[in-house]
Amino acid sequence: MPDSLNTDILDPVVNPVEPFLRSDRMPHIWCPGCGIGTTVNSFARALIESKIDLQSLALVSGIGCTGRVAGYVKLDSFHTTHGRAIPFATGLKLANPKLNVIVYSGDGDLSAIGGNHLIHAARRNIDLKVICVNNLIYAMTGGQTAPTTPDHSTTSTNPYGVFEPSFNLPHLVEAAGAVYVARWTTFHVRQLTRSIAEAFQKKGFSFIEVISPCPTLYQRRNKLGDGLDAMKYYKEKSKIRHGTPTSEAGLTMTGEIIVGKFVDRDRPDYQTMMRTQYAESLGERFVEQPEMVCS
Amino acid sequence: MKADPRGVLTGVHFMDGDHACCEGALAAGSRFASGYPITPSTEVVERFASRVPTVGGTFIQMEDELAASITLQGAVWGGAKAFTVTSGPGFSLMMEHIGYAAMTETPCVFVDVQRGGPSTGLPTLPAQADMMQARWGSHGDYEIIALCPNSPQECFDLTVKAFNLAEEFRVPVMFMMDEVVGHMTEKVVIPPADQIEVVPRRHTRKPVADYLPYETNGDMVPEIAHAGEGYKFHITGLTHDERGYPNMTPQIQDKLVRRLQNKILQAADRIAMFEEEQLEGADVVVVSYGITSRVAQRAIEAARKQGLRVGKLRLITAWPFPDKKIRELAANVKAFVVPELNLGQMVREVERSAAGQAKTFAVSHAGGGVHNPEDILKVIVEASRCRTA
Amino acid sequence: MAKGRVSIVVERCKACGFCVEFCPTHVLALSSAFNSKGYHPPHVVHPEKCSGCDLCGMYCPDFAICATKVAPAGGGDK
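Calculation notes
- Residues numbered from 1 in each chain as written.
- Chains lettered and ligands numbered in written order.
- Predicted model: local features only at pLDDT ≥ 70, side-chain atom pairs only at ≥ 80, totals over all residues.
- Contact = placed C-beta atoms within 7 Å.
- Helix = DSSP H or I, 4+ residues; strand = E, 2+ residues; numbered from the N terminus.
- Nonpolar A, V, L, I, M, F, W, Y, C, P; charged D, E, K, R; others polar.
- Axes fitted to C-alpha atoms, helices over the stretch in contact; angles between N-to-C directions.
- Parallel < 35°, antiparallel > 145°, perpendicular 65-115°, else oblique.
- Left-handed = near helix turned anticlockwise from the far one by under 90°.
- Domains from an automatic or database assignment.
- Pairing = 2+ DSSP bridges.
- Expected span 1.5 Å × (residues − 1).
- Buried ≥ 20, exposed ≤ 12 C-beta atoms within 10 Å, placed from the backbone.
- Arc of directions from axis to C-beta.

Student: Help me out: how do you make sense of the interface of chain A and chain B in this one?
Tutor: Interface size is commonly expressed as the accessible surface area that is lost when the partners come together. Contact residues are listed per partner, giving 41 residues for chain A and 45 residues for chain B. Examining the composition of the side of chain A that touches chain B, we find that eight residues originate from one element, helix α3 (residues 85-95) of chain A, more than from any other. A breakdown of the residues in the side of chain A that touches chain B according to their chemical character gives 19 nonpolar, 15 polar and seven charged.

Next comes the structure, spelled out in structure tokens:
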């Protein structure tokens, strides 16, 4: 006889992250064992921990499974086009510098079609907090190869095995100029929360990569089990090594995963540099941008 | 609402169309532009880059047109009036985001200073071959508004109008210049700010609890809120309902795209702007726009000197296409003559609207220069001689 | 006396098993009951072992579970 579920079923309001969710849209579309929800959980807890003013937050996502995050968080949120969350977020931030702008998107969205925007925003040090959920695949469209898919993986567009080298995202964004670079997995829920909270304190381009399971496509096609198996792999094979040179932080299909905070440096953000340059060149003729109020 | 004097360069100027367009944007209240260099449009943003730090605003040159065309939209949702500027190849790159603006109802302006195409084509020479693209370039069903200036003065006046239409209808407006109008230098009179009418953003006054981002009343245009004001709204390019939430059913799709279409089409009479001359009793009406309208004027006058009854209809609004006007004229004239710097684009719309009631003659020119007035005159004469349809 | 208490939103659960696996004191197990989507949500098998650490809540991708600390028996001020 099946168990009855009479265990305490309390009002969901008790869940500390509930105020950050669009409860009217739950349950969400992500697969059983998908790690994206876990990253959102960590993200919401970072919002609580950092005591950030929720009204000042804007979240921008692209297209893909992670792109759907924008639709589930109760913030001013924008589900934009594939690869273009970062330029959209740039426009938001420049028009209203008081906003805390988060870009929450996937590995394919940010590093393939969005790759150009990723490196330029890092170069410019635009004050954005980028959370890149890396499930090593294009999940939403059915499991195609992404620039992050590890060598020898099987995907729907590399049915005989991936033979391209994959991106080392922390290395890429560090080289492009990011001031805060960290990588965690969905196993590292507490550390992820802490990194996100730290990024909120940082001015400039912050990039947090979160390795996350895609049970339906990546895990299944590569006979790596389900989401829980991935989590166990992360637990077993992750090594927390803060300050590791990012060039040594590449990923393979079943090898070691170096996690931690890799880069935490300071340099002036885009808007600071812009104002400084204008003030220097124009002197008294420089007019600061007023608050953009249109009515 | 009157223009903010800080952005208005009141005075009598000798400037080219690109520069005048920039001044129009500033006068309209735009304080944000994102761009990417492309001949013959670049001067618009070069001037903006130079002017805006002295007025109070931001210009950013993005890494490509894919970025430029969406950065401006982020700025709109952050509270700014924003635009970008491009030409053929860049316009093609911007198409996805024009569709995004139409779908999310983001008020903004896209300036296309048309040049020879297709592909790299003729970077420094004129054409008018993006007219259909302005209307149909992005995928799916949507409507836009397109304006065609024919002088630097109009580049100023109509840019203000473009921003006003964008705000009124929450739609991306295509500002279809051409290389000649953009690079032609003429007198441009910029009036004092209190003589320039500017439409403010249709910002909601509803309290947070009552606000739905895509709820509409009679005029089918929803009220907007900006990020950072506490509304916690969701915007998506997916088919969505009044809450802004993805709702991907045929019923919601039908409701949404028809509203996006109807909010423009049902106001088409209000939006339409033309210049009319001697349409009463005309046998032939020359329909033209942009720089071609100025060349056509020469041909029209020559034809009239020959005793022909030629009317002029200059399209200032090219989209939505003035079906009604053409239909009415078609009932009374023998023929339309449509000179264009392309191999036949707006002429198709004229022919469609005329519905066989009048003949339609194209005067095509593949671009790279302007028509020879004689070539237009020849067709006007031929059109006058044709038998009534 | 348990230091914590778990609450489960049965209808949100997709039975991924994260909470069961990562609870440090093995409070949970997947039940044989079904929710309306056909998943087996977890149920509390060792309530007395719950510390209210909320690791289950932190791991859950579906916002379907969380744990809160319970006030000690006999109440009182601190």
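Having put the structure on the table, let's press on.
Student: Is there a simple way to think about the interface of chain C and chain A in this case?
Tutor: Opposite the 31 residues of chain C that make contact, chain A presents 30 residues. Within the residue set of the side of chain C that touches chain A, elements represented by two or more residues are β1 (4-8), α1 (18-22), β3 (42-44), α2 (55-59) and β4 (65-69) of chain C. In terms of residue count, the dominant contributor to the side of chain C that touches chain A is β1(C) (four residues).

Student: Help me understand the packing of helix α1 (residues 36-50) of chain A against helix α7 (residues 189-201) of chain A, please; the structure alone is not making it clear to me.
Tutor: Any two packed helices are characterised by how steeply their axes cross, that is the angle between the axes, and by the distance between the axes. Residue and element names in this part refer to chain A. The geometry of α1 relative to α7 is characterised by a closest axis approach of 8 Å and an angle of 50° between their N-to-C directions. In this view, α1 runs oblique relative to α7, as classed from their interaxial angle. With respect to the hand of their crossing, α1 and α7 are arranged in right-handed fashion. Contact residues: α1 offers Thr38, Thr39, Asn41, Ser42, Phe43, Arg45, Ala46, Glu49 and Ser50, while α7 offers Val189, Leu192, Thr193, Ile196, Ala197 and Phe200.

Student: What exactly am I supposed to notice about the domain arrangement of chain B here?
Tutor: Residue and element names in this part refer to chain B. In terms of domains, chain B is made up of domain 1 (5-195) and domain 2 (275-385). Each of domain 1 and domain 2 has a C-alpha centre, and the two are 27 Å apart. Listed as interface residues are 22 residues of domain 1 and, on the opposing side, 21 residues of domain 2. Looking at the side of domain 1 that touches domain 2, the elements with two or more residues in it are β6 (122-126), α6 (131-136), β7 (145-147), β8 (172-178) and α8 (179-183). With four residues, the single largest contributor to the side of domain 1 that touches domain 2 is α6. Considering only residue class, the side of domain 1 that touches domain 2 consists of 16 nonpolar, three polar and three charged.

Student: Sorry if this is basic, but what is going on with the sheet that holds strand β16 (residues 359-364) of chain B here?
Tutor: Neighbouring strands of a sheet are bound in pairs by backbone hydrogen bonds; such pairs are parallel or else antiparallel. Residues and elements named next belong to chain B. Within the open sheet, the five strands sit side by side as β11-β13-β12-β15-β16. Their pairing is mixed. Each edge of the open sheet carries a strand with a single partner, namely β11 (274-277) and β16. The average angle at which neighbouring strand axes cross in this sheet is 20°, direction not considered. Of the strand pairs in this sheet, strand β12 (residues 284-288) and strand β15 (residues 335-340) are connected by three bridges, and their pairing is parallel. Bridging from a neighbouring strand, Val285 pairs with Phe336 of β15. Contacts from helix α13 (residues 346-354) reach β12, β15 and β16 within the one sheet, and its direction differs from that of β15 by about 165°.

Student: I would appreciate a short explanation of the sheet that holds strand β8 (residues 257-264) of chain A in the present structure.
Tutor: Read across the open sheet, the nine strands follow the order β7(A)-β8(A)-β5(A)-β6(A)-β4(A)-β3(A)-β1(A)-β2(A)-β10(B); overall the sheet is mixed. Taken across any chain shown, the strands that pair with only one partner, and hence form the sheet edges, are β7 (238-240) of chain A together with β10 (234-236) of chain B. This sheet shows a mean twist of 20° between the axes of neighbouring strands, independent of strand direction. The sheet contact formed by strand β1 (residues 57-61) of chain A and strand β3 (residues 100-106) of chain A spans four bridges and is parallel.

Student: Honestly, helix α14 (residues 373-385) of chain B in this entry has me stumped. Any pointers?
Tutor: All names here are of chain B. Taking 1.5 Å as the rise per residue, α14 with 13 residues should run 18 Å; its terminal C-alpha atoms sit 19 Å apart, in good agreement. Taken together, the buried positions of α14 are Ile376, Leu377, Val379, Ile380 and Ala383. The buried residues of α14 occupy an angular sector of 165° when projected down its axis, which confines them to one face. Exposed residues lying more than 90 degrees from the buried face of α14 are Glu374 and Arg385. Residues of α14 that are buried in the fold lie against β12, α11 (291-305), β13 (310-315), β15 and β16.

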